Amino acid sequence: MTRIIAIANQKGGVGKTTTTYVLGHALAERGRTVLLVDLDPQSSLTIACGREKEGMAANLYHVLGGQEPGTHALRDIVVKVNPGIYLAPADIALSLSESGLMLRMRREYVLQEALAGATPDYVLIDCLPSLGILTVNALVAASEVLIPTQCEYLALRGLAMIYQTINRMRPANPNLQVLGILPTFFDPRLIHSREILEAMRARGLPVLPVVIGRSVRFAESALAHESILTYDPSNPGTQAYQALAEVIDG
Ligand SMILES: Nc1ncnc2c1ncn2[C@@H]1O[C@H](COP(=O)(O)OP(=O)(O)OP(=O)(O)O)[C@@H](O)[C@H]1O
Ligand SMILES: [Mg+2]
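Quick caveat, the model's predicted, so the values are computed rather than measured.

Thresholds applied
Residues numbered from 1 in each chain as written. Chains lettered and ligands numbered in written order. Predicted model: local features only at pLDDT ≥ 70, side-chain atom pairs only at ≥ 80, totals over all residues. Pairing = 2+ DSSP bridges. Helix = DSSP H or I, 4+ residues; strand = E, 2+ residues; numbered from the N terminus. Axes fitted to C-alpha atoms, helices over the stretch in contact; angles between N-to-C directions. Contact = placed C-beta atoms within 7 Å. Parallel < 35°, antiparallel > 145°, perpendicular 65-115°, else oblique. Left-handed = near helix turned anticlockwise from the far one by under 90°. Near = placed C-beta within 6 Å. Nonpolar A, V, L, I, M, F, W, Y, C, P; charged D, E, K, R; others polar. Buried ≥ 20, exposed ≤ 12 C-beta atoms within 10 Å, placed from the backbone. Core = buried A, V, L, I, M, F, W, Y, C linked by C-beta atoms within 7 Å. Expected span 1.5 Å × (residues − 1). Arc of directions from axis to C-beta.

*Asks:* So what exactly am I meant to see when it comes to the sheet that holds strand β3 (residues 79–82) here?
*Replies:* Backbone-to-backbone hydrogen bonds join strands into a sheet, with any given pair of strands oriented parallel or antiparallel. With respect to topology, 7 strands assemble into an open sheet ordered β3-β4-β2-β5-β1-β6-β7, the strand pairing being mixed. Sheet topology places β3 and β7 (177–184) at the edges, where each strand pairs with a single neighbour. Averaged over all pairs of adjacent strands, the angle between their axes in this sheet comes to 25°, without regard to strand direction. Each of β1 (3–7), β2 (34–39), β5 (122–127) and β6 (144–150) touches helix α8 (residues 133–141); the most contacted strand, β5, lies at about 160° to it. Sitting on the sheet, helix α9 (residues 153–169) touches β6 and β7, and the angle it makes with β6 is about 165°.

*Asks:* What's the story with the packing of α8 against α9 in this structure? I'm lost.
*Replies:* The contact between α8 and α9 brings their axes to 10 Å, and the two run at 60°. Here α8 lies oblique to α9, going by the angle between them. For the crossing formed where α8 meets α9, the hand is right-handed. Taking contact as the criterion, the partners of Val136, Leu139 and Val140 in α8 are, on α9, Thr165, Ile166 and Met169.

*Asks:* Looking at this model, I keep getting lost on the site of ligand 1. Mind explaining?
*Replies:* If you check the shell around ligand 1, you find 19 residues, and the closest are Gly12, Lys16, Thr17, Thr18 and Pro129. At the level of secondary structure, the elements contributing two or more residues to the shell around ligand 1 comprise α1 (16–29) and α11 (217–223). Considered class by class, the residues forming the shell around ligand 1 number 7 nonpolar, 9 polar and 3 charged.

*Asks:* Before we go on, may I ask you to explain the pairing of strand β4 (residues 85–88) in this structure?
*Replies:* On any regular strand, side chains alternate: one points to one face of the sheet, the next to the other face. Judged by which residues are buried, β4 turns out to be covered on both faces: Ile85 and Leu87 on one side and Tyr86 and Ala88 on the other are all buried. Sheet topology places β2 next to β4; 4 bridges connect them, and they run parallel. From the neighbouring strand, valine 37 faces β4, where its bridge partner is alanine 88. Where β3 lies against β4, 3 bridges are found, and the strand directions are antiparallel. If you follow valine 79 over to β4, its bridge partner there is leucine 87. Taken together, β3 and the strand that follows it, β4, pair antiparallel across an intervening segment of 2 residues, in which glycine 84 is found at a positive phi of about 80°.

*Asks:* What should I look at first to understand the packing of α1 against helix α13 (residues 236–249) in this one?
*Replies:* If you want to describe how two helices pack, look at the angle between their axes and the distance between the axes. It is the contact of α1 with α13, at a shortest axis distance of 9 Å, that shows an interaxial angle of 65°. Overall, the two elements α1 and α13 adopt an arrangement that is roughly perpendicular. For α1 against α13, the interelement crossing comes out right-handed. Counted together, Val22, Leu23, Ala26 and Leu27 of α1 and Tyr241, Gln242, Leu244, Ala245 and Asp249 of α13 form the full contact between these two elements.

*Asks:* Could you clarify how one ought to interpret α8 in this entry?
*Replies:* Given 3.6 residues to a turn, an α-helix orients residues that are three or four positions apart in the same direction. Within α8, 8 of the 9 residues are buried, which leaves it mostly tucked inside the rest of the structure. Of all the positions in α8, only Ile133, Leu134, Thr135, Val136, Asn137, Ala138, Leu139 and Ala141 are classed as buried.

*Asks:* What is the right way to look at the nonpolar core in this model?
*Replies:* One recurring pattern in soluble globular proteins is that nonpolar side chains are buried together. Ranked by internal contacts, the top residues of the largest apolar core, which has 70 residues, are Ile125 and Ala138. Discounting residues that sit within four places of it in the chain, alanine 138 has contacts with Ala6, Ala8, Leu39, Leu111, Ile125 and Cys127.

*Asks:* Sorry if this is basic, but what is going on with the environment of glutamate 152 here?
*Replies:* Note on placement: glutamate 152 falls in the loop between β6 and α9. When the C-alpha atoms of glutamate 152 and serine 43 are compared, they prove to be 26 Å apart, with 109 residues separating the residues in sequence.

*Asks:* Where do I start with unusual backbone geometry in this structure?
*Replies:* What is expected of a backbone is that most residues other than glycine have negative phi and most peptide bonds are trans. One non-glycine residue, arginine 106, lies in the positive phi region at around 50°. Mapped onto the secondary structure, arginine 106 falls in the loop between α6 (94–100) and α7 (110–114). Non-glycine residue phenylalanine 185 carries a positive phi angle of around 50°.

*Asks:* What is the right way to look at α9 in this model?
*Replies:* Taking 1.5 Å per residue, 17 residues should reach 24 Å; α9 reaches 26 Å between its end C-alpha atoms and fits that length. Among all positions of α9, only Ala155, Ile162 and Ile166 are buried. End-on view of α9: buried residues confined to an arc of 45°, all on one side of the axis. Away from the buried face of α9 by more than 90 degrees, exposed residues Tyr153, Leu154, Arg157, Ala160, Gln164, Asn167 and Arg168 are located. Structurally, α9 contributes buried residues whose contacts are with α8, β6 and β7.

Here it is in structure tokens:
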């Protein structure tokens, strides 16, 4: 059965896109088929995949539509990125879905309906940093939600908001599970980082047993349109995302 994982946090720059991209590649390394869904008009995931050009032709906006229903099926826009890895690209046009969907009936279910025929082992949905209608669509379509979080005080405070949104989604998606909180940009030298990680665990939050450290290799590899897994195989970040794939897929 296809597992649909929304990678979500309304806070910006916490590693959502990086997690979608690298985790997708780590799952593919394990022989799984993965569909990456770029649900962010910033289209960072599409850019990281080096598929901006294809994304401009037909993208998720043409599937989801705006005020009017979309003109394309999901399979019409999906492009192959690497063996086992496919991408539903985005471009800035997707911002028209965000405004237009508000005027549609059943606006929360549009992505769920678009994904109905998809059969990869995993669908990973990269959400934008907001709790608007696009993120709501992701949380309705998903079976699980993964929440990357920086180990900082304000990030910890911000978790309450995403939890509230998840709980508000329950009537539309009663089976949605929180896969876990993924600590990102962790710096073991900083007492603050360690304290926040401890605080999350002490509050009983479902913190995953994998912590992603800070490394400039993530940005460098994105520039090279390559995942850190092949760009720097011995980097601790590579090993952490491979461990995360094992936790999820093991
Ligand atoms: N563990 C990390 N260590 C250092 N840099 C990282 C790490 N993870 C991601 N980055 C870099 O930080 C920046 C933001 O990461 P990313 O785009 O994944 O965050 P995001 O949550 O998707 O942001 P947005 O909310 O804008 O969509 C990028 O330049 C990325 O390469
Ligand atoms: Mg992003």
